[in-house]
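The primary structure of each chain is shown beneath.
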Amino acid sequence: MKTAAIIVAAGRGTRAGGELPKQWQLLNGKTIAAHAIQPFADHPDVGQIILVLHPDDRDTAVWNDTLSATIVTGGATRQESVLAGLRAVTDATHVLIHDAARPMVTSQIIDRVLDALGTYPGAAPAVAVTDTLWHGAEGHVTGTQDRNGLFRAQTPQGFALAPLLAAHETSDITATDDVSVARAAGLDVAIVAGDEDNIKITTPSDFARAEKLMRREMDIRCGNGYDVHRFGPGDHVWLCGVKVPFERSLQGHSDADVGMHAVTDAIYGALGMGDIGQHFPPTDPQWKGAASHIFLEHAVGLATEQGYRISNIDCTLVCEFPKVGPHQPAMKSAMAQIMGLAADRISVKATTSERLGFTGRGEGIAALATATLVKP
Ligand SMILES: Nc1ccn([C@@H]2O[C@H](COP(=O)(O)OP(=O)(O)OP(=O)(O)O)[C@@H](O)[C@H]2O)c(=O)n1
Ligand SMILES: C[C@](O)(CO)[C@H](O)COP(=O)(O)O
């Protein structure tokens, strides 16, 4: 079995509203269409991906964050768009047809459809209706519909390519999905388990619903970092990327930016990837006097490589002096620049230790930091 996926994205999303058609609106920093395509692109049994677009959307700015796909122009109805997609399949025995407006599709749903296609010419996911169903008119209940044997149809709907293409080419019915077209042509379609979360964005409230569902699936990680450097002779200290004039300097193998070290370690900690000492050993002469932004950039790079976005940073400096307050905005903006983050996602605070302990005696500065990383 060789499978192609057709993602229909040529609708205008009139019921959902918004400045752009729903499939081009962002969910968690990525278009809804990109979310809908990803599980197919990642699936080992899916080859060609065909993205069916409205003629007005062929402008790359609208769809360029979707993955590599064969681009096809759709029609005025979903049925016409599917037919255009089917005609563009180049090398497959089976097709999966999926709404670009269903961003929560999973590899498990795809697997269930593909498994059933091993036995049947058609298979589609659905969820049994569990609510009582009414007929109504003018705001009043006029009757009850037996829900027994009723399902809510989802996508991806899968078929053997040749009979589905023939069914679409010769169809004389108007249908909202491909199962209806296939069945009208006599194809047997198996029902496989869908997923309550595999919603279609249809009305404005569905955006918030999808965002909530997606947030539930996010991988959120926290890490903490702690560092201490002692004072020695000098005329400035580096704190969170800012050179602060002072009558002494912090001692260390690098520039001794204690705040930036704590932040860097918090990121390594969230990733479970060691600490600064492991990545930049103090025994290695090449890091002597190194600017600490090198360490922070490395940690941020590792987070990005692992698919994490840094959501926020909170850093506390513990010292009696120098006064940190006047430099806080510059510290936030220096670290924001290094990390490619908005400054309002970074907090730098300072506290004294009430003259207690080594920080209270002015022997050095301690820093604590927390980092939150998010993988959508
Ligand atoms: N001419 C069309 C109409 C719909 N679709 C696609 O079919 C899927 C399901 O359709 P629906 O939810 O009805 O989308 P829209 O037609 O965009 O919505 P509306 O009816 O609210 O305008 C969507 O991914 C949509 O982009 C399509 O490719 N071509
Ligand atoms: C194909 C479909 O998503 C199955 O539920 C649906 O029928 C298409 O959208 P519409 O809103 O019903 O037109």
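Residues numbered from 1 in each chain as written. Chains lettered and ligands numbered in written order. Predicted model: local features only at pLDDT ≥ 70, side-chain atom pairs only at ≥ 80, totals over all residues.

- Per an unreviewed UniProt entry, the chain carries the name Bifunctional enzyme IspD/IspF and comes from Yoonia maritima.
- Turning to the chain, the UniProt record has this under Cofactor (unreviewed entry): "a divalent metal cation". (UniProt positions renumbered as here; feature names shortened; annotations may be inferred.)

Remarks on the site of ligand 2
Alright, step 1. All residues adjacent to ligand 2 are Asp99, Ala153, Gln154, Thr155, Thr176, Asp177, Lys200 and Thr202.
Alright, step 2. For the shell around ligand 2, the residue count by class is one nonpolar, four polar and three charged. (Near = placed C-beta within 6 Å. Nonpolar A, V, L, I, M, F, W, Y, C, P; charged D, E, K, R; others polar.)

Considering the nonpolar core
Alright, step 1. Membership of the largest hydrophobic core comes to 53 residues, with the highest contact counts inside it found for Ile6, Ile7 and Val52.
Alright, step 2. The contacts of isoleucine 7, once residues within four sequence positions are left out, are Ala33, Ala36, Ile37, Ile49, Leu51, Val52, His98 and Ala100.
Alright, step 3. Ranked by size, the runner-up nonpolar core spans 45 residues in total, among them Phe231, Cys240, Met260 and Ala350. (Core = buried A, V, L, I, M, F, W, Y, C linked by C-beta atoms within 7 Å. Buried ≥ 20, exposed ≤ 12 C-beta atoms within 10 Å, placed from the backbone. Contact = placed C-beta atoms within 7 Å.)

Things to note about helix H3 (residues 78-87)
Since one α-helical turn is 3.6 residues long, residues separated by three or four positions face the same way.
Alright, step 1. With seven of ten residues buried, H3 lies mostly within the body of the structure.
Alright, step 2. Listed as buried for H3 are Gln79, Ser81, Val82, Leu83, Ala84, Gly85 and Leu86.
Alright, step 3. The inward-facing, buried residues of H3 contact strand E1 (3-9), strand E4 (46-53), strand E5 (70-73), strand E6 (94-99), helix H5 (161-170) and helix H6 (178-184). (Helix = DSSP H or I, 4+ residues; strand = E, 2+ residues; numbered from the N terminus.)

Here we look at the domain arrangement of the chain
Alright, step 1. With domains assigned, the chain is organised as domain 1 (3-217) and domain 2 (219-375).
Alright, step 2. A straight line from the C-alpha centre of domain 1 to that of domain 2 covers 48 Å. (Domains from an automatic or database assignment.)

Points about the UniProt feature "site: Transition state stabilizer" (unreviewed entry) in the chain
Alright, step 1. When the UniProt feature table is mapped to this numbering, "site: Transition state stabilizer" (unreviewed entry) covers Arg15, Lys22, His253 and Thr352. A maximum C-alpha distance of 61.4 Å is found for the annotated residues, which run over 338 residues; spatially they are spread out rather than grouped.
Alright, step 2. Tracing the backbone shows arginine 15 in the loop between E1 and strand E2 (26-27).
Alright, step 3. The exposure class assigned to arginine 15 is exposed, which follows from the 12 C-beta atoms found within 10 Å.
Alright, step 4. The contact partners of arginine 15, leaving out residues within four places of it in the chain, are Thr202 and Thr203.
Alright, step 5. In this fold, lysine 22 is placed in the loop between E1 and E2.

Structural notes on the site of ligand 1
Alright, step 1. Taken together, 22 residues lie around ligand 1, and Val8, Ala10, Gly11, Arg15 and Ser81 are the ones closest in.
Alright, step 2. Contributions of two or more residues to the shell around ligand 1 are made by E1 and H3.

What to know about the sheet that holds strand E17 (residues 309-318)
Alright, step 1. Taken in spatial order, the five strands make up an open sheet running E16-E13-E19-E17-E18, and their pairing is mixed. The open sheet is flanked by strand E16 (248-250) and strand E18 (346-351), the only strands paired with a single partner. Between one strand axis and the next, the sheet turns through 20° on average, direction left out of account.
Alright, step 2. Looking at chain direction, strand E13 (residues 219-233) and strand E19 (residues 364-375) are connected through twelve bridges and run antiparallel. Directly across from arginine 230, in E19, lies its bridge partner glycine 364.
Alright, step 3. Of the strands in this sheet, E17 and E18 touch helix H11 (residues 328-339), which is tilted by about 140° from E18. (Pairing = 2+ DSSP bridges. Axes fitted to C-alpha atoms, helices over the stretch in contact; angles between N-to-C directions.)

Quick notes on the environment of glycine 360
Alright, step 1. Within the fold, glycine 360 resides in helix H12 (residues 357-360).
Alright, step 2. With 40 residues separating them along the chain, glycine 360 and glutamate 320 place their C-alpha atoms 6.1 Å apart.
Alright, step 3. In this structure, glycine 360 is in contact with Glu320, Ser353, Glu354 and Arg355, ignoring residues within four places of it in sequence.

Thoughts on the UniProt feature "binding site: a divalent metal cation" (unreviewed entry) in the chain
Alright, step 1. The UniProt feature table records "binding site: a divalent metal cation" (unreviewed entry) at Asp227, His229 and His261. Across 35 residues of sequence, these annotated residues stay compact in space, with a maximum C-alpha separation of 10.1 Å.
Alright, step 2. On the secondary structure map, histidine 229 appears in strand E13.
Alright, step 3. By secondary structure assignment, the location of histidine 261 is in helix H8 (residues 258-271).
Alright, step 4. Taking the C-beta count within 10 Å as the criterion, histidine 261 has 28 such neighbours and is therefore assigned buried.

Quick notes on the environment of proline 55
Alright, step 1. For proline 55, the location among the structural elements is in the loop between E4 and helix H2 (60-63).
Alright, step 2. Residues proline 55 and alanine 10 lie 45 residues apart in sequence; the distance between their C-alpha atoms is 7.9 Å.

Thoughts on the pairing of strand E7 (residues 122-128)
For a regular strand, side-chain orientation follows a simple rule: the groups alternate between the two sheet faces.
Alright, step 1. Sheet topology note: the E7/strand E11 (residues 157-160) ladder contains two bridges and is antiparallel. Bridge assignment links alanine 123 to a residue of E11, and that residue is glycine 158.

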